[in-house]
Amino acid sequence: MAYSKSLVLALAAVLFASAVSARVYNVFESTSHVPRGWTLVGPTTTNERLQFKVAMNPRNMDVLKAALYKVSDPTNPEYGQWWTGNQISELISPPREEQELVQNWLSTFNFEYSLHGDYFIVEGDMHEVERALSTKFYTFRHTEKNGATVDRAMEYTVPAFLDNVVKMVSGLTGFPTTDAHRHLKVRTVSNKRDDSKGKVCPEVIWQLYNMAYTPETHFYNSSLCLVAYTNLPAYRDTDLKVFEDNTLLPEVTPDHIVGRFFSTIPLDESTLDVEYGIGISENTSTWFWTSSGWLYDFNTDFLATDPVPFVVSMSYGYPEDGQCDIGDCNGMTNEQYTNTVNDQYLQMTMRGVTIVVSSGDQGAQGDFNDKCDNKNEVLSSSFPGASEYVLSIGATMLNDPSPKDPPTTFHSPFCQTSDCSTSRTEKPCSYPDALITTGGGFSIYLDQPDYQKKEVTAYLNSGVPLPAARDYDPTKRAYPDVSAVGHNFYIQYIGASVLVDGTSCSAPVWGGILTRMNASRMAKGKSSLGFVNPLFYSLFESDPSYFNDITVGNNNCTESCCGVGFTSSKGWDPVTGLGTPNYQKILNYVTNILP
């Protein structure tokens, strides 16, 4: 029997009214886990305003994915025709009947809310949230972190009739964490000539990749966003000013600050990201965005923003099968959380955004086997570095200078007083020569995308030594995609010159490169590069010289030991991907040939 839409909505309204009046609620998430360091103070006594998100199940993600691959295919007439946030929302939003069920429930309480595709952002007083979700907030204090406190619910409910409509509610449970792996290792040095040769600063990178230095040119139509997670500290303006003076950079500061900005005690990671994001992109619009939570939390805020920056650089990651250890999975498993975040990246890239992410610093072993002592541990699976929608970035280091290297003249004050590297050849960044080993391997959960299957198959069939079959799944997403130098980077940090290593270095380098390429395209009235992965693999297939192939080395080590890993070879490999950028060649193609 068929029913009219009006009758269905009327019946839903009756069910809604009945459920509310009868308080028919089901427990949606419940936990007793309190992370180490947090202690219970007691029931929350304040009535502060808070924000949470109610997520529903999206529709048509397969349609959106097909559309993304069409507009990111350089041979397709629709290349570069990215969608607006509203277009994406219209496609993936749940059925109107389901939206209205959630909206009717929320409107019963004193909330402010807005719909963004498949989720609502909701704000209200804590007591009203307790009433709406039949929950209770408790205050917890951290034994360290200067006694920081947080209010959290350990259990909440939703109306029974929404069980199959609501996917999850975020922002109520879960505790702040600083365990998100920042892919960076630091050691302090004197800002004088010493025996630590081969330092890297923006001028070294410009010369290494044949990038023109153009401080007089402004590219404010192009934009780069540097992301920090879990309310970690920011950078210090005085350090940025000294860094710019030392490295010939124009005086540029981020013009968009989003989220909490705490710089009294700055973070080395944030300092690096901003100094090299600006150092490579030069005169572009720069965002610094601090998320209060982990990946899902940042993505939902980003997707609700308009306009958005064209390039997003992230220097954070954690094993796929440990996502719920570091973030609040809101009742989902590690795999469900990974897939949910992956779907968000699909939406972000469809808006013409390029996402660059560090591939990890523990080689093929990964963060769960950083001591190389677990023979049963599957090899590296860093996320979000293993997402098919991000450009996953590995790290190289410069070889010792060779007589074959072209003569080099440095002009920056830093290189006048330090031994800046003059080498023009690279190898994988690897312990013990470096402080880290570039990460790479195969995903645990995510399937291998078509754009890389040819190159990955060629690697697996090349005869190169491979780990045991039990250690990885060759049918899954392989990473990294590309690499850049990531060793001996100079940063100015809390008034001192510091050297750092990591894929945290190479990620903002690629972020800056892509931001400059976007600026060059936009100057000709063209679109942003957006989802570049299909383009880059297509370029490599047509002419490998678009990238500097790294054919020697491996990622067998971590930050402290060596074990099993992958070996570099000709072409793509799970160590440095397709290689490092032949900047001028790629720039010419995306500016003058690509539509």
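All figures in this text were calculated on a predicted structure; none of them were measured in a lab.

About the cut-offs
Along each chain, residue indices are assigned from 1 in the same order as the chain's sequence is written. At least 70 in pLDDT is required for a residue's local features to be given in this predicted model, at least 80 for side-chain atom pairs to be given and counted, and no such filter applies to totals for whole chains, interfaces and linings, which use all residues. Only hydrogens and water are set aside; all other atoms, that is, all heavy atoms of the structure, feed into the side-chain values. Any Phe, Tyr or Trp ring, taking Trp's six-membered ring, that has another such ring centre within 6.5 Å forms a pair; planes under 30 degrees apart are called stacked, those over 60 apart edge-to-face, and the others tilted. The numbering of helices and of strands both runs from the N terminus, where a helix is a DSSP run of H or I of at least 4 residues and a strand a run of E of at least 2. Relative accessibility thresholds used throughout: buried, under 20% of the residue-type maximum; exposed, over 50%; partly exposed, between the two (1.4 Å probe, protein chains only). Note on pairing: two strands pair once DSSP finds at least 2 bridges between them. Interaxial angle, 0 to 180 degrees, is taken between N-to-C directions of lines fitted to C-alpha atoms, where a helix line uses only the stretch in contact. Working rule for handedness: look at the near helix, and if it is turned counterclockwise from the far one by less than a right angle, call the crossing left-handed; if clockwise, right-handed. Residue contacts are counted whenever heavy atoms from the two residues lie within 4.5 Å of one another. Each residue receives one of three labels: charged for Asp, Glu, Lys and Arg, nonpolar for Ala, Val, Leu, Ile, Met, Phe, Trp, Tyr, Cys and Pro, and polar for the others, Gly being one of them. Sulfur atoms of two cysteines make up a disulfide when they are within 2.5 Å. Confidence per residue, as judged by the predictor, is encoded in pLDDT with a range of 0 to 100. Buried residues of nine kinds, namely Ala, Val, Leu, Ile, Met, Phe, Trp, Tyr and Cys, make up a nonpolar core once their side-chain atoms join them within 4.5 Å. Only one rule defines a salt bridge in this text: a Lys or Arg side-chain nitrogen within 4 Å of an Asp or Glu carboxyl oxygen.

### Description of the packing of aromatic side chains
Part 1: Per the counting criterion, the structure on display carries 36 aromatic pairs.
Part 2: Consider the rings of W38 and F175, whose centres lie 5.7 Å apart with planes at 45 degrees: the pair is tilted. Taken together, the residues W38 in strand β2 (residues 38–43) and F175 in the loop between β9 (166–170) and β10 (181–182) connect sequence positions 137 residues apart. Of the two residues examined, W38 and F175, each falls in the buried class.
Part 3: Centre to centre, the rings of F442 and Y472 are 5.2 Å apart; their planes meet at 35 degrees, and the pair counts as tilted. Of this pair, F442 sits in strand β21 (residues 441–447) while Y472 is found in the loop between α13 (450–460) and β22 (476–479), placing the two residues 30 residues apart along the sequence. Note on accessibility: F442 and Y472 belong to one class, buried.

### Topic: the sheet that holds strand β7 (residues 149–153)
Part 1: The antiparallel open sheet is built from three strands, whose spatial order is β2-β6-β7. Looking at the sheet topology across the chains shown, the edges are occupied by β2 and β7. Neighbour-to-neighbour, the strand axes of the sheet open up by a mean angle of 35 degrees, direction not taken into account.
Part 2: Relative to β7, strand β6 (residues 137–142) runs antiparallel, the two being bridged by five bridges.

### A few points about the packing of α13 against helix α15 (residues 533–542)
Part 1: Close contact between α13 and α15 brings their axes to 8 Å; oriented N to C, the two are set at 35 degrees. Handedness of the α13/α15 crossing: left-handed. For the pair α13 and α15, the contacting residues are Y451, Q452, K454 and E455 in the first and N533, P534, Y537, F540 and E541 in the second.
Part 2: When its residues are assigned to classes, the contact of α13 with α15 shows four nonpolar, two polar and three charged.

### Considerations on the pairing of β6
Part 1: Alignment of β2 against β6, held across five bridges, turns out to be antiparallel. Looking at the pairing, L40 lines up with F140 of β6.

### Section: the side chain of D273
Part 1: Along the polypeptide, D273 turns up in helix α8 (residues 268–281).
Part 2: Since its relative accessible area comes to 2%, D273 is described here as buried.
Part 3: With sequence-adjacent residues up to four places away left out, D273 is seen in contact with L226, V227, S315, S504 and P508.

### Concerning the environment of F137
Part 1: Relative to the helices and strands, F137 resides in strand β6.
Part 2: Here F137 falls in the buried class, since its relative accessible area comes to 1%.
Part 3: The sequence separation of F137 and H127 amounts to 10 residues, and the corresponding C-alpha distance is 8.7 Å.
Part 4: In this structure, F137 is in contact with P43, T44, L50, M126, V129, E130, D151, R152, A153 and L172, ignoring residues within four places of it in sequence.

### Some words on the sheet that holds strand β4 (residues 112–116)
Part 1: Reading across from one edge, β4-β5-β3-β9 is the order of the four strands in this open sheet, with antiparallel pairing throughout. The sheet terminates laterally at β4 and β9, the two strands that pair on one side only. The mean angle between the axes of side-by-side strands here comes to 20 degrees, regardless of whether they run parallel or antiparallel.
Part 2: Pairing analysis gives seven bridges linking strand β3 (residues 49–56) to strand β5 (residues 119–125), with the strands arranged antiparallel. In the strand pairing of β5, A55 is matched with Y119.

### Examining the state of the cysteines
Part 1: Evaluation of the coordinates by the stated rule reveals four disulfides.
Part 2: The disulfide bridge from C372 ends at C561, spanning 2.0 Å between sulfur atoms. Taking the sign of the S-S torsion, 85 degrees for the link of C372 and C561, the bridge is right-handed. Taken together, the residues C372 in the loop between β17 (354–358) and β18 (382–383) and C561 in the loop between β26 (547–548) and β27 (580–581) connect sequence positions 189 residues apart. Of the two residues, C372 and C561, neither departs from the other in class, the shared state being buried.
Part 3: The connectivity of the disulfides in the chain is 1-2, 3-7, 4-5, 6-8, where the numbers refer to bonded cysteines in sequence order.

### Topic: the environment of N76
Part 1: Topologically, N76 is positioned in the loop between α2 (61–71) and α3 (85–92).
Part 2: C-alpha of N76 to C-alpha of T253: the two residues are 177 residues apart in sequence and 38 Å apart in space.

### Observations concerning unusual backbone geometry
Glycine aside, a negative phi is what most residues show, and trans is what most peptide bonds show.
Part 1: In the segment running from D306 into P307, the intervening peptide bond is cis, with an omega of 0 degrees.
Part 2: Relative to the elements of secondary structure, P307 occurs in the loop between α9 (295–303) and β15 (311–314).
Part 3: Looking along the chain, the bond that leaves F383 and enters P384 is cis, with omega of 20 degrees.
Part 4: Summarising the element assignment, P384 is placed in the loop between β18 and β19 (391–398).
Part 5: Phi is positive for T230, which is not a glycine, with a value near 50 degrees.
Part 6: Relative to the elements of secondary structure, T230 occurs in the loop between β12 (219–228) and α7 (237–246).
Part 7: Look at N488: it is not a glycine, yet its phi comes out positive at around 60 degrees.

### Quick word on the confidence of the model for the chain
Part 1: Per-residue confidence for the chain gives a mean pLDDT of 90; residues scoring 70 or more make up 92%.
Part 2: Low confidence marks residues 1–22, where pLDDT is under 50. Its contacts with residues over four positions away, or in another chain, come to 16 contacts.
Part 3: Note that pLDDT drops below 50 for residues 188–195; the model gives that stretch 17 contacts with residues more than four away or on any other chain.

### Here's the deal with the nonpolar core
Part 1: Counting 126 residues, the largest nonpolar core has Y345, F489, W510, L514 and F536 as its most contacted members.
Part 2: Core analysis: the second largest hydrophobic core is formed by 26 residues, Y25, L50, W105 and A132 among them.

### Focus on the pattern of salt bridges
Part 1: The full count for this structure, using the stated rule, is 18 salt bridges.
Part 2: A salt bridge links R49 to E123, with the shortest nitrogen-to-oxygen separation between them at 3.9 Å. Of this pair, R49 sits in strand β3 while E123 sits in strand β5; the two residues are 74 residues apart in sequence, bridging distant segments of the chain.
Part 3: Residues K476 and D447 are paired through a salt bridge, measuring 3.0 Å at the closest nitrogen-oxygen approach. Taken as a pair, K476 in strand β22 and D447 in strand β21 lie far apart in primary sequence, 29 residues in all.
Part 4: Taken together, the shared-partner salt bridges in this structure form one network comprising R49, E112, E123 and D125.

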